[in-house]
There are 2 protein chains.
Amino acid sequence: MLKTDIQIAQESTMLHIRDVAGKIGLSEDDLDFYGKYKAKISLEVLKRNKDKEDAKLILVTAINPTPAGEGKSTVTVGLGQALNRIGKKTVIALREPSLGPVFGVKGGAAGGGYSQVVPMEDINLHFTGDMHAITTTNNLLAAAIDNHIHQGNALNLDIRRILFKRVMDMNDRSLRQVNVGLGGKPNGFPREDGFMITVASEVMAILCLATSLEDLKERMGEIMIGYNLQGEPVFAKDLKVQGAMALLMKDAIMPNLVQTLENTPAIIHGGPFANIAHGCNSILATQTALKLGDYVVTEAGFGADLGAEKFLDIKCRFGGLNPSAVVIVATVRALKHHGGVLKADLSTPNVDALKKGIVNLEKQIENIRKFNLEPVVAINRFMSDSVEELQFIEEFLNNIHVNVALTEVWEKGGEGGEALAHKVVEVAEKSGTYKPLYDVDKSIKEKIETIVKEIYGGSSVAYSAQAEKTIKEIEAMGLHKKPICMAKTQYSLSDNPKLLGAPKNFEVKVNEVKLSNGAGFIVCLTGDIMTMPGLPKVPAANLMDIDEEGNIVGLF
Amino acid sequence: MLKTDIQIAQESTMLHIRDVAGKIGLSEDDLDFYGKYKAKISLEVLKRNKDKEDAKLILVTAINPTPAGEGKSTVTVGLGQALNRIGKKTVIALREPSLGPVFGVKGGAAGGGYSQVVPMEDINLHFTGDMHAITTTNNLLAAAIDNHIHQGNALNLDIRRILFKRVMDMNDRSLRQVNVGLGGKPNGFPREDGFMITVASEVMAILCLATSLEDLKERMGEIMIGYNLQGEPVFAKDLKVQGAMALLMKDAIMPNLVQTLENTPAIIHGGPFANIAHGCNSILATQTALKLGDYVVTEAGFGADLGAEKFLDIKCRFGGLNPSAVVIVATVRALKHHGGVLKADLSTPNVDALKKGIVNLEKQIENIRKFNLEPVVAINRFMSDSVEELQFIEEFLNNIHVNVALTEVWEKGGEGGEALAHKVVEVAEKSGTYKPLYDVDKSIKEKIETIVKEIYGGSSVAYSAQAEKTIKEIEAMGLHKKPICMAKTQYSLSDNPKLLGAPKNFEVKVNEVKLSNGAGFIVCLTGDIMTMPGLPKVPAANLMDIDEEGNIVGLF
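Residues numbered from 1 in each chain as written. Chains lettered and ligands numbered in written order. Predicted model: local features only at pLDDT ≥ 70, side-chain atom pairs only at ≥ 80, totals over all residues. Heavy atoms only, no water.

Draft legend 1. Structural view of the overall build of chain A. Each helix and strand in chain A was counted, giving 19 helices and 26 strands. In terms of overall size, chain A behaves like a compact globule, its C-alpha atoms giving a radius of gyration of 23 Å where 556 residues would be expected to give roughly 24 Å. Across its three principal axes, chain A shows a C-alpha extent of roughly 70 × 55 × 50 Å. The buried share among the 556 residues of chain A stands at 66%. Of the contacts made within chain A by residues no fewer than 6 positions apart, 75% connect residues no fewer than 24 positions apart. (Helix = DSSP H or I, 4+ residues; strand = E, 2+ residues; numbered from the N terminus. Rg over C-alpha atoms; globule rule 2.2 N^0.38 Å. Buried < 20%, exposed > 50% of the residue type's maximum accessible area, 1.4 Å probe, protein only. Contact = heavy atoms within 4.5 Å.)

This is the structure:
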């Protein structure tokens, strides 16, 4: 019987984190231990090495996700392990999982099989407390807003137009829409409000884009919390709480060090939503990793149309990062799904469906090249893949001169990723300078339309009246010279989750535009984006347990 | 100019926590470090030493608190330092402060002056994440309740009678009373709800009364969450989430080790409300401390009528603890306040007022003796105290054969507590076996009336119709054989905060009775007890800041 991820993880031999850190030149003085297998890395490490040449930065992304599963995180971890095996000192940089969803459907995630980061039970639960620090920081600002209104409302805040919401790191649909301040005068002014899950907080996006504690504090002050009764914007700094907010984040800002099952150092720090935010680990984590190895492997959320685009247009721009190669993860099964095959039939060989579906991969390759970057395709192998199918993909990619490698990192760990590692090194060693897709100084609509046409393959953009109004307001305030953060379904290149493959000539409908002024981007929402998940009928929580000896079940 | 607490704390020389632990025989294997100055102590330490003789346990309590301030925590820390100085290996056991109030009026607290626990900025903020674990555990159960109702409500939960509330570790009055589940079918069933501050969660009380992880899990399963439509009680275990709840608490259950300014080991763990809960640090922390020193100094919330009574009738009973002495902290200023002097006039010598007010101290002494324990009075000296006033107190206590010592621990640290330490040792070395005040098998009303008459000095108890009904329900369910947890004003021996001194012949009005079935006690509420504080007009948060070098202002 196949072992579960938690079984494999709990059977692994972890090194004391002191020894993992030692491999990349970090001493005990550079670290704050959190138990024996987790540590925070001092920001001094980055400051001390600021003139040191950066490692090669490799982004792992994917085709548009399907119910078949692509294994992007697993390939990221496996590739990091593989690069180490072929002699490149490698550090992996990943996002932190959100605690809430662990109790819903997911049950935990930190790679899989023999390509996992550990201790997975801690990484999936409280880890080093970063999510809790973000929750508290967000909710301090929220409490300060309602307190300001209650205590006389000197800023004239319009309680009908408060934009900043409370958060909780829990899947709790009952909190999506609430009335607060009920019960009369001692309890403040009643108003409509709602909770988001913590990773949707602008504080999370800020943590991931800040380049220092000062920068973090300044960005938190710039959060636009709502409008006053004169229709003017009001910011967090008007409430004078950005100092206290920064104080609450003083430990959370430090990147976290853990290890993979093969003791490869992994820095896991920050995990913003990949729709209403940019879906990448923190800039400080990536920058720190770049000073500690020869190679850094990182990933971005969802498929390349969302994840890689935002990584390149938002994170790399703010962080001054220059990636050297992009790995696009695909599977035979997922490409067949893009070719119209139902989930139940994905195990049956079907080269015709593969031919139809491979256009999704082809479009993502074309997109990556628009950033002056060269992609490497990783085919994450499954037992059901036929030789004919694998051969077809290889020939297809050879014809368009794209590097491709099979990986078996779930089953074999780093060894299963060595072929990919060699291809990645080959591409990375001859890489040039990447360029973002658009100029941030352009108008909001120009930027949106560039992404829709160049990356998604759409033909036009339609704006709701609400979106038109907000765009005008943001431009009137002069706050529009920021990158765009598209919130779109991850399942399609278009804004319609049912359009698989590589659709063309579609219109993208923009329902809502939101200014994340502290994070420094403009969110463009297409369709309904859920910012507070719910629990399923039988939550994963119901299967979880721990005994007196610390044996855990139900995380998988 | 006097230094602030945070200045004194930041100027102190802390030992690495490894070395503090070494003083009490703990090795690195017994610890999980959280940075360099905090550690969690493995529960194995207690298991390994279970047959070892316990240290002497000293409780520090106080007269009824006044606006003048008594300095109970400061005396607790100072006494611990002093005992070490006179050759007794001493461990201090304290409650964890709640993060929320730090941003309100308080600005932080962990003793004061030269009798503080450090690092105070961490202890007052996220510390080792225990509060966040409790918040999450509480809110997982809350989400599971609403999810159960949304998914078909197989248990027939009555949404008008859900007793279990969400919590947040923030002073946020707008969350006291809310409507949740608004917005239609996808967001669940609408109902009235409210948030409490985290320390008011039953999960916190459970953490502090549990004697193992198994016991913790079982108690969490026993939380009564509400009634079904048939009027029968429904428990957390009916939702099958106690395993996941225990998993979330796997680290939080371990006691936290820090140090005082004089490097005395201090275990800080758990901090339940002292009104709707029992107001003491965890049993596991106290039991662990008792295995590691010759003396353990601990404290309980509010004055002796609430704190000491609950410590002795709830915590010691559940934990099998046998205290050896009780220190009652008083100040000249506070006793004059009990004698009718206004706050502005407390610096003026006034022996007549002192004579009137000392009855409060006299009654607390009488109460402690009812538990077969001998009190030692600590007069926490202030600059404004006159020789006549101090002499009067000494003579008064000599006449009733009570040990008394002056302390100057704020100004002088442990040295200022040596006189007290000698008195405490004298009493503790000849102590016997303490006895609780009442038999838990008695009826709820008998137990309440025993406390009111014996401890408060009242003559009768009046019950609201609601309280009468709940008492009948609890007794009908057979769940009444538990200690009573009185929720009463801390400012008076009575339930009226204006009755200072030692009032007599008063009636106590019981408004509401609540079963904390998981924690294992019955809460009896007199008057309005606030379980979610609000922020003041100028919150302490507005004065807080941190710079790039980590210099902190605004915690004091």
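Draft legend 2. Examining the relation of the copies chain A and chain B more closely. When chain A is fitted onto chain B, the two copies agree to an RMSD of 0.0 Å after a turn of 180° and an axial shift of 0.0 Å. Those values place the two copies in the arrangement expected of a two-fold rotation axis. Among all residues of chain A, the minimum C-alpha distance to the rotation axis is found for A:Y34, at 2.2 Å. Looking at the interface residues of chain A, 100% of them are also at the interface in chain B, so both copies use one shared face. (Least-squares fit on C-alpha atoms with pLDDT ≥ 70 in both.)

Draft legend 3. Up close: the packing of aromatic side chains. Residues and elements named next belong to chain A. Under the criterion given, the structure shown has 5 aromatic pairs over all chains. With 6.1 Å between their ring centres and 40° between their planes, F392 and F396 make a pair best called tilted. Taken together, the residues span about one helical turn, with F392 and F396 both in helix α15 (residues 387-399) at a distance of 4 residues. Over the aromatic face of Y227 sits the side chain of R161, whose NZ or CZ is 3.7 Å from the ring centroid. When the ring centre of F235 is taken as origin, the NZ or CZ atom of K237, which lies over that ring, is 5.5 Å away. (Phe/Tyr/Trp six-rings, centres within 6.5 Å; stacked < 30°, edge-to-face > 60°. Lys NZ or Arg CZ within 6 Å of the ring centre and 35° of its normal.)

Draft legend 4. Spotlight on the side chain of A:R191. Residue and element names in this part refer to chain A. Within the secondary structure, R191 is located in strand β10 (residues 191-193). For R191, a relative accessible area of 7% puts it in the buried group. Ignoring any residue separated from it by four or fewer positions in sequence, one finds R191 in contact with D146, I159, I162, R166, V178, N179 and V180.

Draft legend 5. Layout of the nonpolar core. Ranked by size, the top nonpolar core spans 165 residues in total, and within it A:L141, A:I225, B:L141 and B:I225 carry the most contacts. Apart from residues lying up to four places away in sequence, B:I225 is in contact with B:L141, B:I145, B:L157, B:R161, B:I162, B:L163, B:F164, B:V234, B:F235, B:A236 and B:L239. Listed in part, the 164 residues of the second largest apolar core include A:F235, A:A304, A:I365 and B:I451. (Core = buried A, V, L, I, M, F, W, Y, C linked by side-chain atoms within 4.5 Å.)

Draft legend 6. Structural view of helix α8 (residues 202-209) of chain A. Residues and elements named next belong to chain A. Of all 8 residues making up α8, 8 are buried, and the element is well covered by its neighbours. Here α8 has its buried residues at E202, V203, M204, A205, I206, L207, C208 and L209. Put simply, S201 is the residue that caps the front of α8, since its side-chain oxygen is 2.9 Å from the backbone nitrogen of V203. (Polar contact = N/O pair within 3.5 Å; in protein donor to acceptor, adjacent residues only side chain to side chain.)

Draft legend 7. Representation of the domain arrangement of chain A within the structure. Residue and element names in this part refer to chain A. Considered domain by domain, chain A is made up of domain 1 (5-127 + 252-430), domain 2 (130-249) and domain 3 (444-525). Centre-to-centre, using C-alpha coordinates, domain 1 lies 27 Å away from domain 3. With 24 residues of domain 1 at the contact, the number on the domain 3 side is 24 residues. Here domain 1 and domain 3 share an interface that buries about 2,000 Å² over both sides, 66% of which is from carbon and sulfur atoms. Counting the contacts that link domain 1 with domain 3 gives 2 salt bridges. Measuring nitrogen to oxygen at the nearest pair gives 2.8 Å for the salt bridge that ties K488 to D305. (Domains from an automatic or database assignment. Buried area = accessible area lost by both parts, 1.4 Å probe. Salt bridge = Lys/Arg side-chain N within 4 Å of Asp/Glu carboxyl O.)

Draft legend 8. Just the pairing of strand β3 (residues 56-62) of chain A, in detail. Residues and elements named next belong to chain A. Most of β3 is tucked away, with 6 of its 7 residues classed as buried. The pairing of β3 with strand β16 (residues 295-299) spans 5 bridges and is classified as parallel. Counterpart to I58 in the pairing with β16 is V297. (Pairing = 2+ DSSP bridges.)

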